Amino acid sequence: MGRVIVQWVCGTECDSQRETTDITEVDMAVFAVFKKCTVTPKTTSGLCSKCKQCWNMRGSWLKGPRTQAFHQDSGLVPGEVKSLRSIASPPLSKIRNIGIMAHIDAGKTTTTERMLYYSGYTRAMGDVDDGDTVTDFMAQERERGITIQSAAVTFDWNGYRINLIDTPGHVDFTVEVERSLRILDGAVAVFDASAGVEAQTLTVWRQADKHYLPRICFLNKMDKAGASFSYSVESIKQKLKVKTLLLQLPIGIAKSFNGLVDLVTKEKIVWTSTPGLDDGRTFARIPLTDTDPPELLQEAKDARIALIEQVADIDDEFAELVLGDFSDNLDGLPAEKFQSALRRVTLAQKAVPVLCGSALKNKGVQPLLDAITMYLPAPNECHNDFLQWYGDDMCALAFKVLHDKQRGPLVFVRIYSGTMKPQSSVYNVSKNCTERMSRLLLPFADQHIEIPSLTAGNIALTVGLKQTATGDTLASSKSSAVAAARKAGRESGNKLAQSKASESLILAGIEIPEPVFFCTIEPPSLARQPDLEFALSCLQREDPSLKVKIDPDSGQTILCGMGELHIEIIHDRIKREYKLKTQLGPLQISYRETILNSISATDTLDRTIGEKRHTVTVELGVRPWEEEGAGNKPVIDYSENMPQQLLTDLQEAIENGIHSAYLQGPLIGFPLQNVAVTLHSVAMHPGTSMTMVSACVSRCMQKALKKAEKQVLEPLMSLEITVSEQLISSVLADLARRRGNIQEIQSRKDNKVVVVSVPLAELMGYSTDLRTLTSGSATFSMELSNYEAMNPQDQAALLKKLKGLY
Ligand SMILES: Nc1nc2c(ncn2[C@@H]2O[C@H](COP(=O)(O)OP(=O)(O)OP(=O)(O)O)[C@@H](O)[C@H]2O)c(=O)[nH]1
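As annotated in an unreviewed UniProt entry, the chain carries the name Ribosome-releasing factor 2, mitochondrial and comes from Pleurodeles waltl. The Subcellular location (unreviewed entry) comment attached to the chain in UniProt states, word for word, "Mitochondrion". Quoted verbatim from the Catalytic activity (unreviewed entry) heading of the UniProt record, the comment on the chain is "GTP + H2O = GDP + phosphate + H(+)".

Following this line, the structure appears as structure tokens:
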């Protein structure tokens, strides 16, 4: 038997876990028991002692309560496992990396489950309502009705490899959205056919626009009372402003929905059920004939002609074909030519194919899978700048990190070029370190299949990378990354471009915005502090927009995040996943401090520790720095009196002292910004330790800062709000109340896009307020723009508040 890593979890009381590398008959029977709860294992010899105990106690798994972990195992049959091994690396043209996006409850999970089932990789169909799906989401997501984390599954369909990734749509999780979209080549948007376009779909659709992703629409829930094909299509046209290509027509609607007409092939698609097995696996494609109801025939004929005209309008090659060989005989138009034209139009994003069905009633999913392979792009049809520099060398992007209790961190990567192999070293370009990857796995359906290598275009799961975090770029070696950077520089010509190019090599990953909110977090007891630190370090690797630091005064742990909801979710995850009930302090905004004039100071530190006397005297000056290049790091220079060549450890000690003082401003202890430091002199007693030098420099700098004229800087956020013309006035009025400074109002089709900068302090709860103001129709994205000086009144009010004088 092949080496197949399968993790299974006993779904009953014992909660034990086991990994096996060889699938045997017994194991298969056991998996079947766990998955389907209907088969009796021939023997219990394959069970661990805990499971055996459990088995002996119950005598059966049949009534075992279903737990979330229960569904990590699968009902694969041995033959299928073999076939997985033989197709580990399909040709590039046969790979589809696609996202599935939808408004909450549109049927994304149900559709994915059906895809896995029909492609033959799960033995039973998972059901959202029974809570046994493969792409199960976090508890918080279900409770709050939002998607936070993306799931990645791989499966094969008709010789194509499909890597399917969920794209969460909530504005507070921009990084999660960005990291999913960044590695995709195309997307399927799922709609509830009784609701049309809903708010969250609008958000993700716009994000997908930003990444130029070709898309297909799937109108799900055609069986539902109130479902309307025409209403949904109209809503897509109106709200998403796209040209829709109706490739199918539904046969019947709501309760009477029972099939589809394929307008490209002129066939009816009818699902047949065998008594007791209505799983939608079998269906027939029957050419439309005169024996079909005349209304259906007429409707199909009109819709097909409209589709042909529409495609001919957009695609010249197709227009030539239609006007030439087939002008008198549109019926004779070969389906393959039609499909090629539809593919060109979809890839060029000139229009979007629309399909329909009912995932729950097992209708329409197979044609959707065909459409994914037919109309969405292969990785080599997408453009990625940095690829040309790596050539055949391996370059991959880590887009998701999961913490597995047994295997440690599992890192999902998208391979852009070259080949990845287990038991090999990889160079992390973003972290400048080399790591060893022990195993390479495919997240195949609900299994992780061990593979010997994987080539460009694929998505893999790696084990053993301990440093790599979400968003990091991986290359085969440091020399390969340097060679790629050089190549990029050479091609761009000058020095500046060279440095930009090498930066963009690193940024094959995702730009992580600076966190703007923070709060303290405390474990339930001091003894649990190490547990909290462990939880936070795991969460930080999964989510690079989360930052953790220690308050130098109080020693408290500080959590810095992107938004109110972000911090709330992290708090919740620590409780659920790490079983730690932590206490959060009030949410605060991360201000900065600066100075307005130049000041010098001198300080002496004289300490005797043990037998040893440490004496050091420092003289330095601080001044405002208005030129570029300072930001949140100090600009440091040395006066002419200082020796030209300082000893390395002395210089390091001095700069450490400056950096530590820079973290705590003189007014309210926020980090400094735009301050330069000049060191005039350092005199020390022989044998004085470098730690004392750092301490003295830091103290001297704080002394100088205290004497200077001080200023608080507040974070200004740059917002892009997309809102309909009718609602723009109320959005603008609200922004004025929030001290918003409108920079630009652009027109985007029927919508207006407001570009505005607003102090973060005025944006608490903004996503909820905007939703209320526009009944959920407006969307916005937000990022840190810069830090700006507060006016004297606002600053005085803030200082009073922070010092507790209110
Ligand atoms: N009538 C009908 N109900 C459906 C269909 N597809 C899904 N549902 C139901 O709709 C609800 C939501 O389905 P999900 O598959 O969880 O939808 P989702 O888009 O993944 O939802 P989130 O994960 O919460 O974003 C469940 O109760 C499903 O049973 C369908 O085709 N017809």
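*Asks:* How would you explain the overall build of the chain if you had to name every residue and give the values?
*Replies:* Each helix and strand counted, the chain has 22 helices and 37 strands in total. Out of the 806 residues belonging to the chain, those deemed buried represent 54%. Counting only contacts in the chain whose residues sit at least 6 apart along the sequence, the fraction spanning at least 24 positions is 72%. A total of about 35,400 Å² of accessible surface is found on the chain, and carbon and sulfur atoms cover 51% of it.

*Asks:* Which residues make up the packing of aromatic side chains, and what values do they have?
*Replies:* All chains considered together, the criterion is met by 7 aromatic pairs. Between Phe318 and Phe338, the aromatic rings sit 5.3 Å apart at their centres with planes inclined by 15°, giving stacked as the arrangement. One end of the pair, Phe318, is in helix H10 (residues 316–323); the other, Phe338, is in helix H11 (residues 335–347), and 20 residues separate them in sequence. Here the two residues Phe318 and Phe338 agree in accessibility, since each one is buried. Centroid distance Phe534 to Tyr578: 6.3 Å. Interplanar angle 75°. Geometry classified as edge-to-face. Separated by 44 residues along the polypeptide, Phe534 in helix H16 (residues 529–542) and Tyr578 in the loop between helix H17 (564–577) and strand E27 (583–584) bring together distant segments of the chain. Here the aromatic residues Phe518, Tyr591 and Phe670 are joined through ring pairs into a cluster of three or more. In this arrangement the basic side chain of Arg215 is found over the ring face of Trp205, its NZ or CZ atom lying 4.5 Å from the centre. Its guanidinium or amino end placed over the ring of Tyr117, Arg281 lies 4.5 Å from that ring's centre, counting from NZ or CZ.

*Asks:* A description of the pattern of salt bridges should follow, citing residues and the corresponding values.
*Replies:* This model, assessed by the stated rule, comprises 30 salt bridges. Of the charged contacts in the structure, one is a salt bridge between Asp209 and Arg215, with a shortest N-O distance of 3.0 Å. Given the relative accessible area of 37%, Asp209 is considered partly exposed. Two residues, Glu450 and Arg439, come together in a salt bridge whose shortest N-O distance is 3.5 Å. In this pair, Glu450 sits in strand E20 (residues 449–450) while Arg439 sits in strand E19 (residues 439–442), placing the two residues 11 residues apart along the sequence.

*Asks:* Describe the sheet that holds strand E32 (residues 635–638), with residues and values.
*Replies:* Reading across from one edge, E30-E31-E33-E32 is the order of the 4 strands in this open sheet, with mixed pairing throughout. The sheet is open, and its two edges are formed by strand E30 (599–609) and E32, each paired on a single side. Taken pair by pair, the neighbouring strands of this sheet meet at an average axis angle of 25°, ignoring direction. In the sheet, E32 pairs with strand E33 (residues 675–684) via 4 bridges, with the strands oriented parallel. Counterpart to Tyr638 in the pairing with E33 is Leu679. In the packing of helix H18 (residues 648–662) onto the sheet, the strands contacted are E32 and E33, and the crossing angle to E32 comes to about 140°. The strands touched by helix H19 (residues 690–707) are E30, strand E31 (612–624) and E33; relative to E30, the strand with the most contacts, the crossing angle is about 145°.

*Asks:* Kindly report on the nonpolar core, identifying the contributing residues and their values.
*Replies:* Ranked by internal contacts, the top residues of the largest apolar core, which has 114 residues, are Leu219, Val311, Phe318, Phe338, Ile372, Val413 and Met420. Element by element, the count of residues in this core is highest for helix H9 (residues 294–314), at 8 residues. Leave out the neighbours within four places in its chain, and Val311 touches Leu245, Phe318, Phe338, Ala341, Leu342 and Val345. Phe517, Phe518, Leu580 and Phe780 belong to the second largest nonpolar core, which has 43 residues in total.

*Asks:* Break down the sheet that holds strand E8 (residues 244–246) for me, citing the residues and quoting the values.
*Replies:* Pairing in this open sheet of 7 strands is mixed, and the strands run E4-E5-E3-E6-E7-E13-E8 from one edge to the other. Each edge of the sheet is formed by a strand with only one pairing partner; in this case those strands are strand E4 (152–157) and E8. Going across the sheet, the axis of each strand differs from the next one's by a mean of 30°, ignoring polarity. Inspection of the sheet shows E4 paired to strand E5 (residues 160–166) by 6 bridges, in the antiparallel sense. By the bridge assignment, Asp156 is partnered in E5 with Arg161.

*Asks:* Please give an account of the confidence of the model for the chain that cites residues and values.
*Replies:* Confidence along the chain averages 79 in pLDDT terms, with 77% of residues attaining 70 or more. Here strand E1 (residues 3–9) stands out as the least confident element of the chain, with mean pLDDT 31; strand E13 (residues 352–356) is the most confident, with 98. The low-confidence segment residues 144–148 (pLDDT under 50) makes 23 contacts with residues lying over four places distant or belonging to another chain. Note that pLDDT drops below 50 for residues 494–504; the model gives that stretch 8 contacts with residues more than four away or on any other chain. Across the assembled chains, the prediction reports ipTM 0.98 with pTM 0.67.

*Asks:* Give me H18: which residues, what numbers.
*Replies:* Each turn of an α-helix holds 3.6 residues, which means side chains three or four residues apart point in the same direction. Helix length check: H18, at 15 residues, gives a terminal C-alpha distance of 21 Å against a target of 21 Å (1.5 Å per residue), a fit within 8%. Residues of H18 that are buried make contact with E32, E33 and H19.

*Asks:* Pulling in residues and values, what's your account of the packing of H18 against H19?
*Replies:* Interaxial distance between H18 and H19 falls to 7 Å at its minimum, and their mutual angle equals 40°. By the angle between their directions, the pair H18 and H19 is classed as oblique. Once H18 is placed against H19, the crossing between them reads as right-handed. Each of Asp649, Leu650, Ala653, Ile654, Asn656, Gly657, Ile658, Ser660, Ala661 and Tyr662 in H18 lies in contact with H19, whose residues at this interface are Met690, Val693, Ser694, Val697, Ser698, Met701 and Gln702. Of the residues belonging to the contact of H18 with H19, the class tally is 10 nonpolar, 6 polar and 1 charged.

So, how was this worked out
- Here the residue numbering is sequential within each chain, running from 1 through the sequence in written order.
- Only residues with pLDDT of at least 70 are given local features in this predicted model, and only at 80 or more are side-chain atom pairs given and counted; all residues enter the totals for whole chains, interfaces and linings.
- Hydrogen atoms and water are omitted, and side-chain values are computed over all heavy atoms in the structure.
- UniProt positions are given in the numbering used here, feature names are shortened, and annotations may be inferred rather than shown by experiment.
- Helix and strand labels come from DSSP, where a helix needs a run of H or I of at least four residues and a strand needs a run of E of at least two; each type is numbered from the N terminus.
- Each residue's exposure class comes from its accessible area (1.4 Å probe, protein chains only) as a fraction of the maximum for that residue type: buried when under 20%, exposed when over 50%, partly exposed otherwise.
- Contacts are assigned to residue pairs that have any heavy atoms within 4.5 Å of one another.
- The protein chains shown are the only cover counted for residues, whose accessible areas, like all others here, come from Shrake-Rupley with a 1.4 Å probe.
- Within 6.5 Å between ring centres, the rings of Phe, Tyr and Trp (the latter by its six-membered ring) count as paired, and their orientation is classed by plane angle as stacked under 30 degrees, edge-to-face over 60, tilted in between.
- Criterion for a charge above a ring: Arg CZ or Lys NZ at most 6 Å from the ring centre, at most 35 degrees from the ring normal.
- We count a salt bridge whenever a side-chain nitrogen from Lys or Arg sits within 4 Å of a carboxyl oxygen from Asp or Glu.
- Strands are labelled as partners when DSSP assigns at least two bridges between them.
- A fitted line through C-alpha atoms represents every axis, and for helices the fit uses only the stretch in contact; the resulting angles, taken between N-to-C directions, go from 0 to 180 degrees.
- Here the nonpolar core consists of buried residues drawn from Ala, Val, Leu, Ile, Met, Phe, Trp, Tyr and Cys, with membership extended through side-chain atoms lying within 4.5 Å.
- Summary of the metric used: pLDDT quantifies the predictor's per-residue confidence within the range 0 to 100.
- Here the expected span of a helix is defined as 1.5 Å times the quantity of residues minus one.
- For classification purposes, angles smaller than 35 degrees are called roughly parallel, those larger than 145 roughly antiparallel, those between 65 and 115 roughly perpendicular, and all remaining angles oblique.
- Crossings are sorted by hand: turned counterclockwise from the far helix by less than a right angle, the near helix makes the crossing left-handed, and turned clockwise it makes it right-handed.
- Basically, the charged four are Asp, Glu, Lys and Arg, the nonpolar ten are Ala, Val, Leu, Ile, Met, Phe, Trp, Tyr, Cys and Pro, and anything else, Gly included, counts as polar.

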